[in-house]
Amino acid sequence: MSTQDVEPLNVEQIREDFPILQREFDGNQVVYLDNAATTQTPEPVVDTICNYYRQTNANVHRGIHHLSQEASIAYEEAHDRLAEFVGASGEREEMVFTKGTTEALNLVAYAWGLNELSEGDEVVLTEMEHHSSLVTWQQIARKVGAEVRYVRVDDDGTLDVDHARELISEDTEMVSAVHVSNTLGAVNPVGELADLAHDHDALIFVDGAQAVPTRPVDVEDIDADFYAFSGHKMLGPTGVGGLYGKKHLLEEMEPFNYGGEMILRVTKEDATWNDLPWKFEAGTPLIAQGVALSAAADYLEDLGMDRVQAHEEEMAEYAYDRLTEFEDVTVYGPPGDDRSGLVSFTIDGVHAHDLASILNDHAVAIRAGHHCTQPLHEKLGVAATARASFYVYNTREEVDALIHAIDDARQIFA
Ligand SMILES: Cc1ncc(COP(=O)(O)O)c(C=O)c1O
């Protein structure tokens, strides 16, 4: 999408909803560029959490009193809201609330993988998977004797789709791919991967942790079988996220956790399972968090996800262009005009942690490390990178502040 196609976000006005961005450290106003790790929470979402606890709080589905009924309705409607936000026409039945992307991956890996995978089967991942997918499938595959195979990442930081075509075979049962890489900023052709998987009667799980916050997502258009995201990366609270699953698959799957709320009828000998999605939400669920996540979806939709995407891309391109002006800086991933809103980079002779520490002296918050993609970093030939990631409230001036602080670090280590 061209950034010229849509009306730019009114960033100045958006920033008024985020008082945390006014905080100062040693006289410097914070420049928050760690959004791929977690985003800040706007006032309407904070208000939703507070109002929920002030006015509505009760346990859901087990009370006939007014508060429980109100809490139940708000919680159930939050599922419909998130289903709609990612394009799932099956509404709440196709939207399970989880703790986040990691738990969604574990849910499917345990509830589907342990039962459906067996020796000789293959799970196809990409070399740019986050550990939440990579480690989970690795361990489940080990338990059942299945093999994990990896689609190559090309030198330009994009996925080698031809290699995916070679790897995905009749033995493939699951393809699990990240939609937007949290290290490279690459946007993967997940629709194409879904077609490849389905051509071989395999399923596809899409990790949308960095995609749902940054672009319009339509799970049905992608034809994803499962699609996961985290609330705290899209202006929502921590501790809640979503797992979209095609209804027939969720119906066929065994539960992940057992206990209250997920059952229909229990005898001393056996139990039957509740309707979707409650079958996968054992125990007291994430009520306040889910309701607040729904408010975050409203906030983003009011901004317009196409405008959010355009802003992300503009920030990333500007940062990419400024960073590549330095001869001693290497930026990883696709070119500036073909990536989502983050840049991972290294500076010759400067460890990423030292860089992050000097940037912190300027109150510029970035992340340094392997960003939960150790095998990818091994491939890139570096132990750690520095990552700046942008969101709806970031400005070009903040990118300039990043560049200024980086220049300072370069002088110190020169
Ligand atoms: C691409 C990707 N997948 C999965 C995750 C895990 O998300 P969470 O920690 O919210 O479960 C992250 C978090 O950084 C991510 O960036």
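Quick caveat: nothing in here was measured; it's all calculated off a predicted structure.

> Honestly, helix 11 (residues 305–323) in this entry has me stumped. Any pointers?
Count 3.6 residues to each turn of an α-helix, and residues three or four apart come out pointing the same way. Helix length check: helix 11 (19 residues) gives 27 Å between terminal C-alpha atoms against 27 Å at 1.5 Å per residue, within 8%. In terms of burial, helix 11 is largely enclosed, as 14 of its 19 residues are buried.

> Explanation requested: the site of the ligand in the structure shown.
Within the structure, the ligand sits among Thr101, Thr102, His130, Ser132, Val178, Asn182, Asp207, Ala209, Gln210, Ser230, His232 and Lys233. Between the ligand and Thr101 there is a distance of 3.4 Å, counted from an oxygen atom to a backbone nitrogen or oxygen. The separation between an oxygen atom of the ligand and a polar side-chain atom of Gln210 is 2.7 Å. Within the complex, the protein chains bury 85% of what would otherwise be the 390 Å² of accessible surface of the ligand. Looking at the shell around the ligand residue by residue, the classes come out as two nonpolar, eight polar and two charged.

> Help me understand the side chain of Asn182, please; the structure alone is not making it clear to me.
Mapped onto the elements, Asn182 comes out in the loop between strand 7 (172–178) and helix 7 (190–199). A distance of 2.8 Å separates the side chain of Asn182 from the backbone oxygen of His371, its partner in a polar contact. When residues no more than four places from it in sequence are discounted, the contact partners of Asn182 are His130, Gln210, Leu342, His371, Thr373 and Arg387.

> When you look at the environment of Glu77 in this model, what are you seeing that I'm missing?
Mapping Glu77 onto the fold places it in helix 3 (residues 66–85). Distance from Glu77 to Leu9, taken between C-alpha atoms, is 28 Å for residues 68 residues apart in sequence.

> Help me understand the nonpolar core, please; the structure alone is not making it clear to me.
If you look at the biggest cluster of nonpolar residues, it comprises 74 residues, and the most contacted ones within it are Leu82, Phe85, Tyr227, Met234, Leu300 and Tyr393. Counting residues per element, this core draws most heavily on helix 10 (residues 287–303), at 11 residues. Shared between two domains, this core takes at least three residues from each, and those domains are domain 1 (11–38 + 305–413) and domain 2 (46–302). The next biggest cluster of nonpolar side chains, apart from the first, holds 32 residues, and it includes Val329, Val350, Ala368 and Ala409.

> Help me understand unusual backbone geometry, please; the structure alone is not making it clear to me.
With glycine set apart, most residues show a phi of negative sign, and most peptide bonds adopt trans. Of note, the bond from Leu276 into Pro277 is cis; its omega dihedral lies within 30 degrees of zero at 0 degrees. You can see Pro277 is positioned in the loop between strand 12 (271–273) and helix 10. Of note in the backbone geometry, Asp223 takes a positive phi value of approximately 65 degrees without being a glycine. When you line up the elements, Asp223 lands in the loop between helix 8 (219–222) and strand 9 (226–230). With phi around 50 degrees, His371 is a residue other than glycine that occupies positive phi space. Residue placement: His371 occurs in the loop between strand 16 (367–369) and helix 13 (374–380). What makes His371 buried here is its relative accessible area of 7%.

Reading the values: rules and limits
- Residues numbered from 1 in each chain as written.
- Predicted model: local features only at pLDDT ≥ 70, side-chain atom pairs only at ≥ 80, totals over all residues.
- Heavy atoms only, no water.
- Helix = DSSP H or I, 4+ residues; strand = E, 2+ residues; numbered from the N terminus.
- Expected span 1.5 Å × (residues − 1).
- Buried < 20%, exposed > 50% of the residue type's maximum accessible area, 1.4 Å probe, protein only.
- Near = heavy atom within 4 Å.
- Polar contact = N/O pair within 3.5 Å; in protein donor to acceptor, adjacent residues only side chain to side chain.
- Areas by Shrake-Rupley, 256 points an atom, 1.4 Å probe, with all protein chains shown as cover.
- Nonpolar A, V, L, I, M, F, W, Y, C, P; charged D, E, K, R; others polar.
- Contact = heavy atoms within 4.5 Å.
- Core = buried A, V, L, I, M, F, W, Y, C linked by side-chain atoms within 4.5 Å.
- Domains from an automatic or database assignment.

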